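A structural walkthrough
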Amino acid sequence: MTGVRDLDLYWPVLICIAISRLLTGIFGLNHIMCASLQAKIEQHQRQLKNCRRCINMVPPVVMGQPVASKVLLVGQAPGDKEGIMHRPFAWTAGKTLFKWFGSIGLQEEGFRQRVYMAAVCRCFPGKNPKGGDRVPSDEEIQNCSKWLDAEIALLRPQLIIPVGKLAIQQFMDAGKLVDVIGHEFELEENGELIDVIPLPHPSGASTWHRTEPGIGLLQRSLALIEHHPAWRALLY
C-alpha cells in the first residue's frame, strides 16, 4: 500500500513533466516553422530585387521589410522618391497613409516592422508626359503579379489591405470607390479564405478621401481594420 500511495503522490509531477515536454515540442516546432518561413521570404525578396522584366519601368525594385505577417498591404506602384528612399510609401502619400494607421493604433515604424508591404508593380513606372505618374500597362501588371501571388502563397495572410483603385482591382471589380471603400470582402486564394478591406489612395492630388462621402467611408474602412483579429494581433 505504501508503494501505491507514493505513486499517487508522483502522478501530478509526472503529468506536469509530460505537459511541459509536449509544450516544448510544440513551441520548438513553431519556432522552426517561423524560421523556415522567414528564410523563404528573404529568398523571395532577393529574387524580386533582381527582377528587370519590364523595360519601361525605372529600377530599383522597391520592397518593404521581409516580415512574416498575417496582414498584407498592397499598394499600386512606387513614386519617384520611393526608389531613392528604398522603401514604399516614403513620401507625401505615405505621411497621410501612416497617419490613418496611427489613428487605429500602429505608427509608421511599427507598421513597417509588422505588416508585409507589397504592390501591384514594384518599380517606378516613370512620369506621364501629360502630368503625374504613368499608369502601369497590363503587361507590366501581369509581369509583376507572380511576385504578389508568391507572397500570398508564402504568407497565407488573414487580412489584405489594397490601397488605391489599381490595387483594389487586383482582388475585385471596383467600378467606383464608393462601392468598395467602407466594406469588407472575402477572397478565396489557394483554398483559403482571406478578408479584404480596401482603402483609397492617400495621394495629395486626390480629393476623394478629403471630401464626403469619402471621409465617412474611409473612417468605416479604418474601423473595420482596427477590429479585425489579424490587425489586433499586431498590437500585442
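That block above? That's the structure.
Here is a short report on the structure shown in this document. (Residues numbered from 1 in each chain as written. Predicted model: local features only at pLDDT ≥ 70, side-chain atom pairs only at ≥ 80, totals over all residues. Heavy atoms only, no water.)

Should the sulfur atoms of two cysteines be covalently bonded, the bond is a disulfide. In the structure shown here, the tally under the stated rule is 0 disulfides. No disulfide involves Cys54; its sulfur sits 6.3 Å from the nearest other cysteine sulfur, which is in Cys51. Owing to a relative accessible area of 17%, Cys54 belongs among the buried residues under this scheme. Residue Cys144 stays outside any disulfide, its sulfur separated by 4.9 Å from that of Cys121, the closest cysteine. (Disulfide = S-S within 2.5 Å. Buried < 20%, exposed > 50% of the residue type's maximum accessible area, 1.4 Å probe, protein only.)

The strand order across the open sheet built from 5 strands is 2-1-3-5-4, with neighbouring strands paired in mixed fashion. The open sheet has two edge strands, strand 2 (116-119) and strand 4 (185-189), and neither has a second partner. Strand-to-strand twist of the sheet, defined as the mean angle between neighbouring strand axes without regard to direction, takes the value 30°. (Pairing = 2+ DSSP bridges. Helix = DSSP H or I, 4+ residues; strand = E, 2+ residues; numbered from the N terminus. Axes fitted to C-alpha atoms, helices over the stretch in contact; angles between N-to-C directions.)

Here the idea is simple: oppositely charged side chains can pair when their charged atoms come close. Within this structure, the stated rule accounts for 8 salt bridges. Linking Glu108 and Arg112 is a salt bridge whose minimum nitrogen-to-oxygen distance equals 3.1 Å. Of this pair, Glu108 and Arg112 both sit in helix 4 (residues 108-114), separated by 4 residues, roughly a single helical turn. By relative accessible area, Glu108 is classed as partly exposed at 27%. Note on Arg112: relative accessible area 4%, which makes it buried. Salt-bridge contacts for Lys127 lead to Asp133; the nearest nitrogen and oxygen are separated by 2.9 Å. Judged by relative accessible area, Lys127 falls into the partly exposed class, the value being 49%. (Salt bridge = Lys/Arg side-chain N within 4 Å of Asp/Glu carboxyl O.)

The next thing to look at is the side chain of Glu82. Positionally, Glu82 belongs in helix 2 (residues 80-85). Of the polar contacts made by the side chain of Glu82, one reaches the backbone nitrogen of Ala90; its length is 3.0 Å. Not counting the four nearest positions on each side in its chain, Glu82 is found in contact with Val62, Arg87, Pro88, Phe89, Ala90 and Trp91. (Polar contact = N/O pair within 3.5 Å; in protein donor to acceptor, adjacent residues only side chain to side chain. Contact = heavy atoms within 4.5 Å.)

Among the 5 residues that make up strand 1 (residues 71-75), 5 are buried, leaving the element largely enclosed by the rest of the structure. Side chains Val71, Leu73 and Gly75 project from strand 1 onto one buried face, and the interleaved Leu72 and Val74 project onto a second face that is buried too. As judged from the 4 bridges shared by strand 1 and strand 3 (residues 159-162), these two strands associate in the parallel manner. The partner of Val71 across the bridge, within strand 3, is Leu159. Bridge analysis of strand 1 against strand 2 gives 4 bridges, and the strand direction is parallel. Considered in strand 2, the bridge of Leu73 is made with Met117.

The end-to-end C-alpha separation of helix 5 (residues 138-155) is 25 Å, in line with the 26 Å expected for 18 residues at 1.5 Å each. Every buried residue of helix 5 is listed here: Glu140, Ile141, Asn143, Cys144, Ser145, Trp147, Leu148, Glu151, Ile152 and Leu155. Just beyond helix 5, the residue with positive phi is Arg156, at close to 50°. (Expected span 1.5 Å × (residues − 1).)

So, about the packing of aromatic side chains. Evaluation of the coordinates by the stated rule reveals 4 aromatic pairs. Considering the side-chain rings of Phe101 and Phe111, the 4.5 Å spacing of their centres and the 20° angle between planes classify their relative orientation as stacked. Of this pair, Phe101 sits in helix 3 (residues 92-102) while Phe111 is found in helix 4, placing the two residues 10 residues apart along the sequence. A centroid spacing of 6.2 Å and a plane angle of 50° characterise the contact between Phe111 and Trp231, whose relative ring orientation is tilted. (Phe/Tyr/Trp six-rings, centres within 6.5 Å; stacked < 30°, edge-to-face > 60°.)

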